[in-house]
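Residue-level structure breakdown
Listed below, chain by chain, are the residues.
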Amino acid sequence: MATSTPDQKIDITSDVCPMTFVRTRLKLETMTSGQVLEVILGAGEPLKNVPRSVTEMGDEVIDLVEITDAPGTFRLTIRKA
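Since this is a predicted model, take the numbers as computed values, not measurements. (Residues numbered from 1 in each chain as written. Predicted model: local features only at pLDDT ≥ 70, side-chain atom pairs only at ≥ 80, totals over all residues. Heavy atoms only, no water.)

1. A word on helix α2 (residues 45-56)
In this model α2 runs 16 Å from its N-terminal to its C-terminal C-alpha over twelve residues, within 8% of the 16 Å that 1.5 Å per residue would give. Of the surrounding elements, those touching the buried residues of α2 are α1 (19-29), β2 (36-42), β3 (60-66) and β4 (73-79). Phi turns positive, to about 105°, at Gly58, one or two residues after α2. (Helix = DSSP H or I, 4+ residues; strand = E, 2+ residues; numbered from the N terminus. Expected span 1.5 Å × (residues − 1). Contact = heavy atoms within 4.5 Å.)

Right, here's the structure in full:
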């Protein structure tokens, strides 16, 4: 479980790749180092690609969990590098 309270939150469940990562990246670019972003995303390509791309860009994936009352929807917690 994530131990950090997010500084920012975005919901990209209605977006498709590559916009899922683009929106995540744009939000991270507005944040300062050490801040935490919570991303709500769907299963499939976003679930596979967004965490991988975030890590490749140098940021830290803190947590990735399925939201229990919304099957197929996930909460990704990222710390900005």
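There is more to say, and it comes next.
2. Notes on the sheet that holds β2
Pairing is mixed across the open sheet formed by four strands, whose spatial order is β1-β2-β4-β3. Unpaired on one side and paired on the other, β1 (8-11) and β3 mark the two borders of the sheet. Between one strand and the next, the sheet's axes are offset by a mean angle of 15°, whatever the strand orientation. Relative to β2, β1 runs parallel, the two sharing four bridges. Within β2, the position partnered with Lys9 by the bridge is Glu38. Set on the sheet, α1 makes contact with β1, β2 and β4; between it and β1 the angle comes to about 165°. (Pairing = 2+ DSSP bridges. Axes fitted to C-alpha atoms, helices over the stretch in contact; angles between N-to-C directions.)

3. Examining unusual backbone geometry
Geometrically, the link from Cys17 to Pro18 is a cis peptide bond, its omega value of 5° lying close to zero. With respect to the helices and strands, Pro18 occurs in the loop between β1 and α1.

4. Considering the pairing of β4
Among the seven residues that make up β4, five are buried, leaving the element largely enclosed by the rest of the structure. Relative to β4, β2 runs antiparallel, the two being bridged by seven bridges. Bridging across to β4, Leu37 finds its partner in Ile78. Alignment of β3 against β4, held across six bridges, turns out to be antiparallel. Across the sheet, Glu66 pairs through a bridge with Phe74, a residue of β4. The antiparallel hairpin formed by β3 and β4 contains six residues in its connecting segment, where Gly72 sits at a positive phi of about 85°. (Buried < 20%, exposed > 50% of the residue type's maximum accessible area, 1.4 Å probe, protein only.)

5. Re the nonpolar core
With 13 residues, the main nonpolar core has Leu37, Val39, Leu41, Val50 and Ile78 as its most contacted residues. Counting only elements with at least two residues in this core, the list comes to α1, β2, α2 and β4. With near-sequence residues (within four places) excluded, Leu41 lies in contact with Ile12, Thr13, Pro46, Leu47, Val50, Gly72, Thr73, Phe74 and Leu76. (Core = buried A, V, L, I, M, F, W, Y, C linked by side-chain atoms within 4.5 Å.)

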